[in-house]
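# Overview (structure and organization)
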Amino acid sequence: MQQRALGKSDLVVSVVGLGGNNFGGRIDLETSRAVIHKALDLGVTLFDTADVYPMTKPGHSEEYLAKILGSRRKDVVLATKFGHARDDKTPPPGASRRFIISAIEASLQRLKTDWIDLYQVHQPDPGTPIEETLRALDDLIKQGKVRYLGCSNFHSWQVVDALWTSRHLALNAFVACQDEYSLLVRDIERELLPAVQAHGMGLLPYFPLARGLITGKYTRNARLPYGARLTYTQGLANRFLTEANWRLVESLEQFCTTRGHSLLELAFSWLLARPAVSSVVAGSSTPEQLEQNVRATEWVLAPEDMAEIDRLMGKRSGATI
């Protein structure tokens, strides 16, 4: 498994990270154990979760990771997040000092560890000054409870504002951003990705398969596969199963076929060829699925391949769709 530095930090992570949103929700303890053990066997070192995972049973993902990793915890980069709403009806708890202090202690207890390698603000908190958030997080690093800081779902101006605040006040700064990014969702290329590059941060793309659409398991005008994410989530289906996306996926499938590769391989390899990407975070519900994700990174795309992909998608390299 190839390893990369996470931004300018001294954290080194596997190019495929294992997302923990399935643990304790879509999959039970024993299936989670099988997936995590397979990850360790394959050389996955980045394990990413959040205090709200899974949304149906918040906190279970962290608890499962603790039970399963055991003494192997010291061998991995353990990342978690705080500050996200637990459901659509409950407002997010935010990123105030008061909440951060309680959130870190709860996560440390559930994870049964003394430290978290990467502690991430799950979403911006417009009700709390970024200075308050960063001072609280800086204190956690000084206390040895956290090694590095990250953010998720921030706008580019919020990332830059946070970095400027950290520099101005001599505080520990965010070293990574975790955001949605895939062949079909490239919004971050407009502003966020250039900001990440300019400031030497690491990028951790999530939903790299566009909720499963870039896997080859969906076919236009055919019944959606049983148990698939887009099958039972109508809102996501409406967002992704569009005529424009079908045309793109079919073009990309042809691109892969002529080169003897799969759409899944393209999804991972394309992201790993993009600037600033340190690791691609993907959840897995079976050991076999995880192994397919890891093997998919073996395809190294040439510059002419990247240019052809942009041509197929009707755009210039570096632009956005």
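Now for a quick tour of the structure. (Residues numbered from 1 in each chain as written. Predicted model: local features only at pLDDT ≥ 70, side-chain atom pairs only at ≥ 80, totals over all residues. Heavy atoms only, no water.)

A few words on the overall build of the protein. Along its length, the protein carries twelve helices and ten strands. A compact globule built from 321 residues should have a C-alpha radius of gyration of about 20 Å, and the protein, at 19 Å, falls within 12% of that. Seen along its three principal axes, the alpha-carbon backbone of the protein occupies a region of about 55 × 45 × 40 Å. Expressed as a percentage of the 321 residues in the protein, the buried residues total 53%. Expressed as a percentage of contacts within the protein between residues at least 6 apart in sequence, the contacts between residues at least 24 apart total 76%. Accessible surface, the protein: about 14,300 Å² in total, of which carbon and sulfur atoms supply 50%. Of the charged side chains in the protein, 37 are positive and 36 negative, and the gap between their average positions amounts to 1 Å. (Helix = DSSP H or I, 4+ residues; strand = E, 2+ residues; numbered from the N terminus. Rg over C-alpha atoms; globule rule 2.2 N^0.38 Å. Buried < 20%, exposed > 50% of the residue type's maximum accessible area, 1.4 Å probe, protein only. Contact = heavy atoms within 4.5 Å. Areas by Shrake-Rupley, 256 points an atom, 1.4 Å probe, with all protein chains shown as cover. Lys, Arg positive; Asp, Glu negative; His and termini not counted. Charge placed at Lys NZ, Arg CZ, Asp CG, Glu CD.)

Taken N-terminus to C-terminus, the directions of helix H1 (residues 29-42) and helix H2 (residues 60-69) make an angle of 60 degrees; their axes are 10 Å apart at the nearest point. In terms of orientation, H1 and H2 fall into the oblique class. The element H1 and its partner H2 pack so that their crossing is right-handed. Contacts between H1 and H2 involve Leu29, Ser32, Arg33, Ile36, His37 and Leu40 from the first element and Tyr64, Leu65, Lys67, Ile68 and Leu69 from the second. (Axes fitted to C-alpha atoms, helices over the stretch in contact; angles between N-to-C directions. Parallel < 35°, antiparallel > 145°, perpendicular 65-115°, else oblique. Left-handed = near helix turned anticlockwise from the far one by under 90°.)

In this fold, Ile36 is placed in helix H1. Among the residues examined, Ile36 registers a relative accessible area of 0% and is labelled buried. For the pair Ile36 and Tyr64, spaced 28 residues apart in sequence, the C-alpha to C-alpha distance is 9.8 Å.

Taken together, the eight strands give an open sheet; going across it, the order is E9-E8-E7-E6-E5-E4-E3-E10, and neighbouring strands pair in parallel fashion. This sheet does not close on itself; its edge strands, each paired only once, are strand E9 (202-206) and strand E10 (280-283). Each adjacent strand pair in this sheet contributes to an overall mean axis angle of 30 degrees, direction not counted. Taken together, the four bridges between strand E3 (residues 16-19) and E10 define a ladder with parallel strand orientation. Of the residues in E10, the one forming a bridge with Gly19 is Gly283. (Pairing = 2+ DSSP bridges.)

A general tendency of soluble globular proteins is for nonpolar side chains to be buried together. The biggest cluster of nonpolar side chains holds 86 residues, and the ones touching the most others in it are Phe47, Phe174 and Leu266. Per-element tally for this core: the top contributor is helix H10 (residues 263-272), with eight residues. In terms of nonpolar packing, the next biggest core, distinct from the first, is built from eleven residues, Ala79, Ala176, Leu204 and Val281 among them. (Core = buried A, V, L, I, M, F, W, Y, C linked by side-chain atoms within 4.5 Å.)

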